[in-house]
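Summary of the model geometry
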Amino acid sequence: MPTAMAFDPSRELPPAPGPEFAGAGAVPDDGVYVFDDERIVLAVNVALATRRPLLVFGPPGSGKSTLAPIVARHLGRLCHTEVITARTEPEDLFWRFDALRRLNDAQTREVAPTIGAYCASGVLWKAFDPYRTPPARDGKPATMPGAGRDTGSAPGSVVLIDEIDKADPDLPNSLLVPLDTLSFPGPDGEEVTALPGVEPLVVITSNNERELPAPFVRRCIVLSLEAPDKEHLLKVARGHLGAGYDESTADRVAEHLLKVAAESEWAAGPSTAEFLDTLRACHELGVEPGSRTWDLVLEVALDKGRGSARLRG
């Protein structure tokens, strides 16, 4: 791995960012990620070098959503996550207006003079300006106690925008300018701009359920992940289970998972998380391959009605 690469998963994980930013949306992650595809490491470093979003495609279980938190840990950054749904509005990524709080203030005749006083920071605002707090009721801006807006004390961030294909096409289109310029207008007209030198890494995932706008894709670094094979699943199990890892059981469950995925009546087969759940259940309950309980564990933890595939005995 060239030393110029900012992200190198072979290095020891640094400690998590300091407690002074613990309430700023940090997502702790002590998990395991198997970097057995050199394209992943290269794509992350290209995104860091170009300051472009990393758009990650792949089926469930391919590691899309877990990539951002583990990259954040390796880089010593905070991770801010927004899981997209059909109801997510573009503004939700920037700020959320608390209409109920403003209504309550109106009823007591204590309405703040600025809209920003009623807006909570979204994931992009938290990443661009980690020091921001809403203005006080008198409209004066407030800052985090003892914090200065400088790159020396800024923690740095990774933003995960998960399953963007669940949203209306207007959402990715609304991100074109903010992600290109690393800035956006705040609720009171102020410009929110990423601090120079600590620009966030934005990771966006898609299950490819809906085609994304071409202009949006062109502004991203694109990485396509494949469904995990048996060798990858076993590496993940070794990393996660430690002393609870049993090679024979993991091998059998991995074979079963791949068989169910091939014969599944669902659009997606079992995920890596379901694979780990099954192994943990077998370990904690002392379930041996081939027993009647073994079949039941596979049915409730892995098959889940996807099809009729079974590995007996």
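Reference entry: report on the structure contained in this document. All values derive from a computational prediction rather than experimental measurement.

Conventions we followed
Residues numbered from 1 in each chain as written. Predicted model: local features only at pLDDT ≥ 70, side-chain atom pairs only at ≥ 80, totals over all residues. Heavy atoms only, no water. Pairing = 2+ DSSP bridges. Helix = DSSP H or I, 4+ residues; strand = E, 2+ residues; numbered from the N terminus. Axes fitted to C-alpha atoms, helices over the stretch in contact; angles between N-to-C directions. Contact = heavy atoms within 4.5 Å. Parallel < 35°, antiparallel > 145°, perpendicular 65-115°, else oblique. Left-handed = near helix turned anticlockwise from the far one by under 90°. Nonpolar A, V, L, I, M, F, W, Y, C, P; charged D, E, K, R; others polar. Phe/Tyr/Trp six-rings, centres within 6.5 Å; stacked < 30°, edge-to-face > 60°. Buried < 20%, exposed > 50% of the residue type's maximum accessible area, 1.4 Å probe, protein only.

Turning our eyes to something else, we now look at the sheet that holds strand E7 (residues 157–162). One open sheet accounts for five strands, arranged E2-E7-E10-E1-E11; its pairing is parallel. A strand with exactly one partner marks an edge of an open sheet, and here the two such strands are strand E2 (78–83) and strand E11 (221–224). Across this sheet, the average inter-strand angle for adjacent strands is 20°, counted without regard to direction. Both strand E1 (residues 54–57) and strand E10 (residues 201–206) contribute to a ladder of four bridges, which runs parallel. Within E10, the position partnered with Leu55 by the bridge is Ile204. Sheet strands touched by helix H1 (residues 38–50): E1, E10 and E11. Its angle to E11, the strand with the most contacts, is close to 165°.

Further remarks concern the packing of helix H8 (residues 230–241) against helix H9 (residues 247–263). Running from amino to carboxyl end, H8 crosses H9 at an angle of 135°, the nearest separation of the two axes being 10 Å. As summarised for this structure, H8 and H9 are arranged oblique, according to the angle between their axes. Judged by the sense of rotation from one axis to the other, the crossing of H8 with H9 is right-handed. Contact with H8, carried on its side by Lys230, Leu233, Leu234 and Arg238, involves Glu247, Ala250, Asp251, Ala254, Glu255, Leu257 and Leu258 of H9 and no other residues of that element. Of the residues contributing to the contact of H8 with H9, the split by class is six nonpolar, no polar and five charged.

Let's shift gears to the packing of aromatic side chains. Enumeration over the complete set of coordinates arrives at seven aromatic pairs. An angle of 80° between the planes, with centres 5.9 Å apart, marks the rings of Trp125 and Phe184 as edge-to-face. Linking Trp125 in helix H4 (residues 123–128) with Phe184 in strand E8 (residues 183–185), this pair joins segments that are 59 residues apart in sequence. No difference in accessibility class separates Trp125 from Phe184, as the two residues are buried. With a centroid separation of 5.6 Å and 40° between ring planes, the pair formed by Phe128 and Phe184 is classed as tilted. Remark: Phe184 occurs in strand E8 and Phe128 occurs in helix H4; sequence separation between them is 56 residues. An identical accessibility class is assigned to Phe128 and Phe184; each is buried. Each member of the aromatic cluster is reached from another via a ring pair, and the members are Phe94, Trp95, Trp125, Phe128 and Phe184.

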